[in-house]
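Now for the letters of each chain:
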Amino acid sequence: MQFSKFGEKFNRYAGITQLMDDLNEGLRTEGAIMLGGGNPAAIPQMLDYFHELGSGLLNNGGFIDAIANYDGPQGKSAFLRSLAQMLRSAYGWPVTERNISLTNGSQSAFFALFNLLAGEQADGPLKKILLPLAPEYIGYSGAGLDEDIFVSCRPEIELLENGLFKYHIDFDRLLLDDSIAAICVSRPTNPTGNVLTDEEVAKLDTIARERGIPLIIDNAYGTPFPNIIFESVTPCWNDNTIVCMSLSKLGLPGLRCGIVIANETVTQAMTNINGIISLAPGSLGPALAHQMVQSGALLTLSEQVIRPYYEQKSRWTVEQLQQAITVPGFRVHKPEGAIFLWLWFEGLPISTQELYQRLKARGVLIVPGEYFFFGMPAEDADWHHRQECIRMNYVQDETKMLAGIAAIAQEVERAYSEY
């Protein structure tokens, strides 16, 4: 069978495909320790709440209404209105339902946004998405219809006390020419848990406005929901900013509900894309989320349950890692949000792809760091830091976390001792 150019590109086995395959395989493999994928934690209080919420929706007929009818291609109108009202009240953002569109998950949202803005333009030249802070989310890397639509930048590394470090944007390295169609950052950053400072975001916003290009902020883990963010930050939106959110990290990844907050031109384009590709986004997630907004539970649970749970668990995991891993040069990126920790083994004598294979053979799944440094310029090809980091989640129960950490410590020490 002969595939089209589109078919050949998207038939490739990408890093994100490996990650999701591992996630699925691990969930079906008894004893697997899942430190790789992005499944959120099973927080008991949230599970109890979702059970109550779902039961209520079933009893009042809302569940049947949601699954027995199409919403419009922009998404469920009631949820769009209630979410816009919440954002106006909480932050003073000048948004209405005409500024919000829904998608079947945030991965779908980014596929649409990236190809709406970047790639081969109607007048010929190829435009790109600038990722100002590598490493960046693995799921972006294969999303372009055209090849090589991402350009990313090597960060500044700040060494901190207590075996921590932090990435910062190196503004002197940013590629800012006419080939850039948009700037995109995740905040908190997947994979590192880094949170861009308000100053960094303001500077990116200024750059984007001056160049007449949008700033896309991937807010899948951020504030106001699910609020898995441990730094004090100012949420920001304006008509040149596209803020992308999700219900997944509330604990509802199976509902596949992404949220795009943008100016009306982008919202209409996303609506048109939805209609062509999928008719309409799914209805059940927005129906549940609408109830959460109306009751006030969305913000309350994010602040009082979700954030404290992850913050405590991330600190505990860092402590266990630092006790178990004693090789020189081991550091952890300062955990500022998201559900991952980013481990740096300076001078690691094997690639993290090799480390991944060794750990997988022991039933422990992590994600090799190489996947997250896509789009970097040729002059950074020999930057060994790209081969020294791994991403791990910290959402498993303590017994599995300790077993997984012990395996990582043993394999890393083995790697150093062999060379």
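Remember, predicted model here, so these are calculated numbers, not experimental data.

## Focus on the overall build of the chain
Along the chain, the regular secondary structure elements total twelve helices and 16 strands. Scaling as 2.2 N^0.38, a compact globule of 419 residues should have a C-alpha radius of gyration of about 22 Å, and the chain matches this with 21 Å. C-alpha atoms of the chain, sized along the principal axes, occupy 60 × 55 × 50 Å. Taking all 419 residues of the chain together, 56% fall into the buried category. A fraction of 75% describes how many contacts in the chain between residues 6 or more apart in sequence connect residues 24 or more apart. Surface accessibility of the chain: about 17,800 Å² in total, with carbon and sulfur atoms responsible for 50%. Distance between charge centres in the chain, computed from 31 positive and 48 negative side chains, equals 2 Å.

## Things to note about the sheet that holds strand β13 (residues 340–345)
Ordered by their spatial adjacency, six strands build an open sheet running β6-β7-β12-β13-β16-β15, and the pairing between neighbours is mixed. In this open sheet, the two edge strands, each paired with only one partner strand, are β6 (156–159) and β15 (367–368). Relative to strand β16 (residues 389–393), β15 runs antiparallel, the two sharing two bridges. The residue of β16 that forms the bridge with Pro368 is Ile390. The strands touched by helix α12 (residues 398–418) are β13 and β16; relative to β16, the strand with the most contacts, the crossing angle is about 170 degrees.

## Details of helix α3 (residues 44–59)
Taking 1.5 Å per residue, 16 residues should reach 22 Å; α3 reaches 23 Å between its end C-alpha atoms and fits that length. For α3, the secondary structure elements touched by its buried residues are α4 (62–67), α9 (284–295) and α10 (297–324). Gly61 lies just past α3 and shows a positive phi near 90 degrees.

## Thoughts on the environment of Lys313
With respect to the element layout, Lys313 can be found in helix α10. Once the C-alpha coordinates of Lys313 and Gly254 are considered, the two residues, 59 residues apart in sequence, prove to be 23 Å apart. Once residues lying within four places of it in the same chain are set aside, the contact partners of Lys313 are Tyr394, Val395, Gln396, Asp397 and Glu398. At a separation of 2.8 Å, a polar atom in the side chain of Lys313 contacts the main-chain carbonyl oxygen of Gln396.

So, how was this worked out
- Residues numbered from 1 in each chain as written.
- Predicted model: local features only at pLDDT ≥ 70, side-chain atom pairs only at ≥ 80, totals over all residues.
- Heavy atoms only, no water.
- Helix = DSSP H or I, 4+ residues; strand = E, 2+ residues; numbered from the N terminus.
- Rg over C-alpha atoms; globule rule 2.2 N^0.38 Å.
- Buried < 20%, exposed > 50% of the residue type's maximum accessible area, 1.4 Å probe, protein only.
- Contact = heavy atoms within 4.5 Å.
- Areas by Shrake-Rupley, 256 points an atom, 1.4 Å probe, with all protein chains shown as cover.
- Lys, Arg positive; Asp, Glu negative; His and termini not counted.
- Charge placed at Lys NZ, Arg CZ, Asp CG, Glu CD.
- Pairing = 2+ DSSP bridges.
- Axes fitted to C-alpha atoms, helices over the stretch in contact; angles between N-to-C directions.
- Expected span 1.5 Å × (residues − 1).
- Polar contact = N/O pair within 3.5 Å; in protein donor to acceptor, adjacent residues only side chain to side chain.

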